[in-house]
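Chain by chain, the residues run as shown.
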Amino acid sequence: MKRKDFLYSSIPAAAMLPEMINGYSIKAFNMQSPLVQALMQGTTLTDHVLVIVQLSGGNDGLNTVIPVADYSRYFNARTNVAIPENRVLSIAGVTGTGIHPSMTGMQSLFTEGKAKLIQAVGYPQPNFSHFRSTDIWMSASNSNQEVYTGWAGRYLNYEYPDFPIGYPNADMPDPLAIQIGSTTSLTLQGPTVNMGMSITNPTSFYNLINGTTDPVPNTRAGKELKFVRQTNQQTQGYASAVRTAANSVTSQYTYPTNNSLADQLKIVARLIKGGLRTRVYMVSFGGFDTHSVQVNAADTTTGSHATLLQRVSDAIKAFQEDLKFLGVEERVVGMTFSEFGRRIKSNSSSGTDHGAAAPMFLFGKSVDPGMLGVNPTLPATATVNDNIPMQYDFRSIYSTLLEKWFCLDRSVVNSLFPPNVNSQLQSLPLIKAGVCNSVTPPNPTPVEVMVTNYPNPFQTTTTIKFRTAGGHTLIQIMDTLGRVLLNLVDKEYTAGTYTIPFDSEPLPPGVYYARFQNGVNQHVRAMLKVR
Amino acid sequence: MDRREFLTASRRNKPAPVVQVPRTLSGIETYTGPWTEQEVMHLLKRTMFGAKLADVNYFKGRTLAQTVNELVNPTAPNPAPPVKEYATSTTLGVNADANIAQGTTWINDINNDGTVQGQRRASYKKWWTGALINQDRSIREKFILFLVDHFGNEATDVGNANWMYRQHDLIRQYALGNFKNLVRDISKDIAMLRYLNGYLNNAAAPDENYARELFELFTLGKGPDSRYTESDVKEAAKVLTGWQINFTTWQTIFTSSRHTTANKTFSSFFNNTVIAGRTGTTAGDLELNDLINMTFAHNEVAKFLVRRLYRWFVYYTIDDATEINVITPLATIFRNNNYEWKPVLTALFQSQHFFDMMNRGCVIKNPADQVIGAIREMNTVFPDPTNYLANYGHWNTFYNWMTNMGMNLHDPPNVSGMPAYYQEPLFHEIWINSDSLPKRNQFTDIMVNSGYLISGVRVQFNCVALAQTFFNPGNPNDLIDEAVNRFFRNPISTTSLSQIKTQILLTGQQWDYYWTNAWMAYQANPTTANFNTVNTRLMNLFKYLFNLAEYQLI
């Protein structure tokens with residue numbers, strides 16, 4: 001238009017609504033479009049929430065969950081850091097396995113039937129780099145594969161395929177995922193955009209709760225900086241929804257102080273109670289990279305690792321109490337993970353180095369409580385590179401949560417993981433029956449031996465004998481470093497007992513493991529190759 | 001408070017609230033402070049689109065005077081004119097734009113087909129975007145943008161792409177030269193005649209549109225001392241009667257029979273000047289020259305233009321001190337040098353005022369600063385120049401980004417140009433709103449994440465390659481310090497720096513050496529896995545920094 005037309009229309013500066021700058025507003029357009037609205041609804045209707053607790057640095061699983069039944073091997077492998085047998089806390093309904101003495105909070109959750117322990121979770125070909133292994137856990141990729149999206153991000157992308165176009169909207173007014181305590185996470189990365197809203201971002205609402213932001217100088221630059229920041233806060237499509245949710249909760253259970261994980265979980269509980277429809281929350285807690293002095297020499301139940309575990313345990317316990325207090329306990333399940341466990345053998349500086357498989361915890365009223373798996377297989381004389389052989393692939397945990405907690409079809413779940421592991425993903429007893437009106441698989445019978453080998457020890461060839469209940473059956477041969485060397489068996493079987501020879505020709509003498517997996521069952525058998 | 005409240009308050013002996021308005025008293029005396037990377041970046045981010053490391057290093061080794069001299073005296077040739085890169089129709093009866101072969105320029109080809117002209121307008125804007133991206137080491141491209149904005153023509157209104165290009169080229173030829181001559185020639189520019197109806201202005205039915213804007217927007221402005229009268233506008237319109245467009249040859253013509261031959265008498269503001277009425281073919285030019293001379297004899301022209309300049313390159317607030325210490329002396333320089341730009345620019349960019357801390361880091365980036373600046377500062381690699389299809393395709397993407405952020409090249413909302421440079425009281429803050437700010441963030445996110453694949457060539461920000469140019473990328477503290485230093489003109493707190501380091505570069509790990517090891521591993525053995533480890537973290541780092549409010553300021 002000509003300037004004269006413009007002046008005649010006489011729009012005062014204050015009426016120049018931002019959305020009108022280019023003469024249209026994407027938000028308004030989309031809100032008015034029934035078609036677009038229909039596309040925005042989540043594919044699966046659920047009010048379930050998953051809280052992911054990341055323990056950064058590589059948590060020492062063997063000092064978190066102690067194999068009491070195998071105590072002498074445990075003690076011999078790590079004399080300088082071992083927890084005294086009589087100090088280990090028992091787990092309700094579980095014998096031969098206990099947890100770190102500082103984890104009284106978790107112990108009471110087990111007693112209340114609100115916690116689940118999963119033994120020796122890892123992946124084939126473990127990577128000992130923090131960065132790489134974190135990426136693997138977050139993307140759920142294979143060890144040798146580069147995947148640029150996160151497993152939860154892919155899930156949310158399935159549910160909300162058009163995000164962020166047209167969001168927030170009436171059907172999903174809230175962030176799909178909220179991340180507290182870390183600015184960017186691969187876990188929540190979708191195919192094109194990150195599905196999460198990070199609330200430590202100095203430009204978003206977190207500052208309104210915590211009041212931390214960089215100061216603005218009294219200069220022209222300061223004036224403009226303040227202006228841009230304010231606009232940014234107004235622009236956060238979710239800011240008001242999140243703020244409203246946070247502010248609507250005025251009373252919460254008491255959380256421990258001086259505990260940053262508790263601080264984060266307290267916000268999560270508040271937002272859940274406040275009515276956000278956000279499905280995934282992610283919090284993180286660092287400091288687990290305990291290469292040295294993870295315990296006090298005078299009392300190995302104290303020290304830096306004990307402090308970390310106590311904070312985790314106290315925070316989760318308080319969170320669970322708070323959820324109950326707030327009346328939203330049924331809606332929430334939590335999960336801890338760390339990029340790897342630590343080596344079986346401790347080092348000489350009272351610490352432990354990067355390892356492989358480690359335990360995971362689930363918590364919540366809906367978890368199927370107790371322990372899954374058995375004490376890790378420990379060598380009689382641990383050497384420096386020995387790792388705990390994997391019992392469960394971490395992607396079986398993820399996929400089970402997607403199926404049993406977020407109520408996705410198995411076929412959809414499988415599509416969210418690398419094709420080569422689809423057939424190997426297990427549907428595990430992690431969630432109580434009925435939450436998705438489906439049947440929880442029965443707990444595996446723990447003592448029944450599924451896989452044996454003869455001869456053992458052997459020189460070149462040994463015969464592996466296994467009993468399958470039918471369906472997909474997997475036998476992985478692993479070495480002491482925790483690496484899967486080959487899949488000896490990986491196909492469908494009818495129920496029965498079978499044998500298969502294992503030719504170890506190119507392998508050096510030493511200990512190998514045969515990991516058998518069939519349905520919900522898994523079993524690890526140690527095999528000794530000699531000259 | 002309103003006036004009544006104010007008076008009531010003072011009667012009760014309450015002190016009037018003191019509003020601390022950040023201000024500066026410095027003027028155009030030559031800056032004598034340190035000449036470091038900080039000053040170079042301040043100067044380059046204001047006068048160019050982004051400060052590339054190579055340019056910063058180049059000027060760091062020269063003096064301020066040498067630097068400003070090079071910035072205002074470009075030596076690189078102007079870009080070759082736009083070429084035909086758009087698809088032509090093969091449908092029978094549809095104009096095939098057949099005179100022009102693919103890859104050759106269309107600027108001299110006469111074709112009145114609306115579709116073809118639409119394609120050429122797009123082609124022109126892509127080309128201009130390319131010129132911005134490939135700018136030489138001078139102020140030229142930004143100054144052309146400033147001048148095109150000053151004259152406020154709209155391509156969609158004029159319609160004819162050839163004419164728009166011609167106007168652009170006219171401005172380009174005069175860009176760092178004589179402003180007075182530019183105004184004289186642009187008064188006869190075919191696009192301008194079309195846009196402000198000058199071609200309809202004739203003795204029988206004067207059209208005042210151009211005359212009015214000539215005074216109000218192009219030369220004298222509407223400052224408090226710019227008291228020309230409505231009658232002056234009418235008389236100036238008479239001076240400008242008779243100019244026409246030959247729509248067949250696309251030439252400006254002067255038709256003396258349509259010209260008002262009477263004398264034109266101006267008000268006391270112009271010292272009652274009388275422009276003698278002329279007849280014949282030279283009447284138009286002779287009287288136009290008189291009009292331009294009369295106008296430019298007035299002090300207000302220089303003041304108005306310097307204020308415009310100031311709002312583009314320094315800051316938008318012009319208080320009394322700035323008016324006295326900066327605007328007035330620069331206007332004097334402008335006038336004393338017969339409206340040559342270079343002496344004014346030289347004085348401004350070497351001044352104490354320009355380098356005053358109060359004036360640093362306070363300009364909100366315009367969309368070209370945001371888009372082109374990011375592309376340049378990230379050392380973004382474009383297709384080989386011979387691959388014009390791919391290049392025009394990418395330029396089109398970035399042209400569209402600028403448009404979506406509120407700056408459509410040569411298509412402002414109206415003849416006043418872009419509101420950010422004149423609209424009280426927000427000025428630059430108009431660029432930032434709840435629509436444009438997320439787009440600014442999306443742009444950098446997309447460029448980091450995937451970029452664009454066009455004609456088989458991907459253009460993307462390469463975060464690892466950029467980090468490679470840092471002096472110590474293996475140290476996470478040094479890396480973040482340098483990134484912040486390069487991209488932000490304002491400091492951020494050590495708390496934030498440490499948070500960024502731990503949460504992004506170290507992804508939660510507590511030891512710096514995990515980053516160092518990852519970087520060293522990539523340097524020693526650039527496998528895909530090692531590359532990805534550092535790349536994912538650097539991508540997150542740069543996306544995060546580009547999303548901070550600090551990134552919006554230069």
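Residues numbered from 1 in each chain as written. Chains lettered and ligands numbered in written order. Predicted model: local features only at pLDDT ≥ 70, side-chain atom pairs only at ≥ 80, totals over all residues.

### Some details on the overall build of chain A
Argument step 1. Along its length, chain A carries 16 helices and 19 strands.
Argument step 2. With 531 residues in all, chain A has 51% of them scored as buried.
Argument step 3. Across chain A, contacts joining residues at least 24 apart in sequence account for 73% of those joining residues at least 6 apart. (Helix = DSSP H or I, 4+ residues; strand = E, 2+ residues; numbered from the N terminus. Buried ≥ 20, exposed ≤ 12 C-beta atoms within 10 Å, placed from the backbone. Contact = placed C-beta atoms within 7 Å.)

### Re the domain arrangement of chain B
Residue and element names in this part refer to chain B.
Argument step 1. In terms of domains, chain B is made up of domain 1 (23-363 + 376-459) and domain 2 (464-552).
Argument step 2. For domain 1 versus domain 2, the distance between C-alpha centres works out to 38 Å.
Argument step 3. Mapped onto the side of domain 1 that touches domain 2, the elements with two or more residues apiece are α2 (37-47) and α20 (436-449).
Argument step 4. Take the side of domain 1 that touches domain 2: its biggest share by element is five residues, from α20.
Argument step 5. Each residue belonging to the side of domain 1 that touches domain 2 can be placed in one class, and the counts come to four nonpolar, five polar and five charged. (Domains from an automatic or database assignment. Nonpolar A, V, L, I, M, F, W, Y, C, P; charged D, E, K, R; others polar.)

### Let's talk about the sheet that holds strand β19 (residues 521-529) of chain A
Residues and elements named next belong to chain A.
Argument step 1. Within the open sheet, the four strands sit side by side as β16-β15-β18-β19. Their pairing is antiparallel. Of all strands in the sheet, those with a lone pairing partner are β16 (484-493) and β19, marking the two edges. Neighbour-to-neighbour, the strand axes of the sheet open up by a mean angle of 15 degrees, direction not taken into account.
Argument step 2. Note that strand β15 (residues 471-479) and β16 share eight bridges and pair antiparallel. Bridge pairing in β16 places Thr 473 opposite Lys 491. (Pairing = 2+ DSSP bridges. Axes fitted to C-alpha atoms, helices over the stretch in contact; angles between N-to-C directions.)

### Things to note about the environment of Ala433(A)
Residues and elements named next belong to chain A.
Argument step 1. Position of Ala 433 among the secondary structure elements: in the loop between α16 (419-422) and β13 (451-454).
Argument step 2. Judged by C-beta crowding, with 15 C-beta atoms within 10 Å, Ala 433 ranks as partly exposed.
Argument step 3. Taking the C-alpha atoms as reference points, Ala 433 and Gly 286, 147 residues apart in sequence, are found 34 Å from one another.

### Notes on the pairing of strand β18 (residues 510-518) of chain A
Residues and elements named next belong to chain A.
Argument step 1. For β18, the tally of buried residues reaches seven of nine residues, placing the bulk of the element in the interior.
Argument step 2. Of the strand pairs in this sheet, β18 and β19 are connected by nine bridges, and their pairing is antiparallel. The residue of β19 that forms the bridge with Gln 517 is Gln 522.
Argument step 3. Connecting the antiparallel pair β18 and β19 is a turn made up of two residues, with Gly 519 showing a positive phi of about 60 degrees.

### Some details on the interface of chain A and chain B
Argument step 1. Listed per partner, the contact involves 45 residues of chain A and 50 residues of chain B.
Argument step 2. Every element with two or more residues in the side of chain A that touches chain B is listed here: α1 (3-9), α7 (130-139) and α10 (220-235) of chain A.
Argument step 3. Ranked by residues supplied to the side of chain A that touches chain B, first place goes to α10(A) with twelve residues.
Argument step 4. Split into classes, the residues belonging to the side of chain A that touches chain B amount to twelve nonpolar, 21 polar and twelve charged.

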